[in-house]
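Structural overview
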Amino acid sequence: MKTTTTAILICLSMFVSKSPGQQDTAWNKWNWLIGEWVGEGSGVPGQGGGWFSLVPDLNGKILMRKNHSEYPATKDKPQTVHDDLMVVYPGKTGAAEKAIYFDNEGHVISYTIDHLGTSIVFTSTKEGNVPIYRLTYIPIDKKNITVRFEMSPDGQKFHTYVEGKCKRKS
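In this report, the structure presented in the accompanying data block is examined. As the structure is a prediction and not an experimental result, all values here were calculated from the model. (Residues numbered from 1 in each chain as written. Predicted model: local features only at pLDDT ≥ 70, side-chain atom pairs only at ≥ 80, totals over all residues. Heavy atoms only, no water.)

Mapped onto the elements, Pro-56 comes out in strand 2 (residues 49-57). In this structure Pro-56 comes out as partly exposed when scored by relative accessible area, which is 43%. With 22 residues separating them along the chain, Pro-56 and Ile-34 place their C-alpha atoms 7.9 Å apart. Those residues within four positions of Pro-56 in sequence are excluded, and the remaining contacts are Ile-34, Ile-62 and Leu-63. (Helix = DSSP H or I, 4+ residues; strand = E, 2+ residues; numbered from the N terminus. Buried < 20%, exposed > 50% of the residue type's maximum accessible area, 1.4 Å probe, protein only. Contact = heavy atoms within 4.5 Å.)

Turning our eyes to something else, we now look at the pattern of salt bridges. Applying the stated criterion across every chain yields a total of 4 salt bridges. With its nearest N and O atoms 3.8 Å apart, the salt bridge here joins Glu-36 to Lys-169. With Glu-36 in strand 1 (residues 35-39) and Lys-169 in the segment after strand 10 (159-168), this pair connects stretches of sequence that are 133 residues apart. Here Glu-36 falls in the partly exposed class, since its relative accessible area comes to 34%. By relative accessible area, which is 58% here, Lys-169 ends up exposed. Here Asp-84 makes a salt bridge to Arg-65, at a shortest N to O gap of 2.3 Å. (Salt bridge = Lys/Arg side-chain N within 4 Å of Asp/Glu carboxyl O.)

Shape descriptors only; they carry no functional weight alone.
Below, the structure written as structure tokens:
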């Protein structure tokens, strides 16, 4: 009876213990970016403004980024409003390695994540004839960052589509 009870307890502990993909994620490399940020756009035609937030969610298992940008009308284009949501999640090693992005234009983009020095770089995976996208967060100091969004047809030569500075709100 004692052997049967021990075997049952061992089996149960295997189901209750966390698998490698469920272990707590350490977001230490992200601490400088977690919070609320406001863009420094001026409202002048061609220059936009907005905000984004990056916060832990699901008991710290993921990071959730929400972004809102507004670009005023110009003589050639109407006002543009852009909203998106990105979920950053751990890769197989337990490090924050991947993200999935959705926006109000219908785009869905899968990203891999690299930490280059103090910068955080999201690079999309190649899918068909869609360009490769790269989103980079570059710290300037504790309260200011540069955000750059680039595109490339081949993943080799990127050109900047949009770039701006953000200031920490909280």
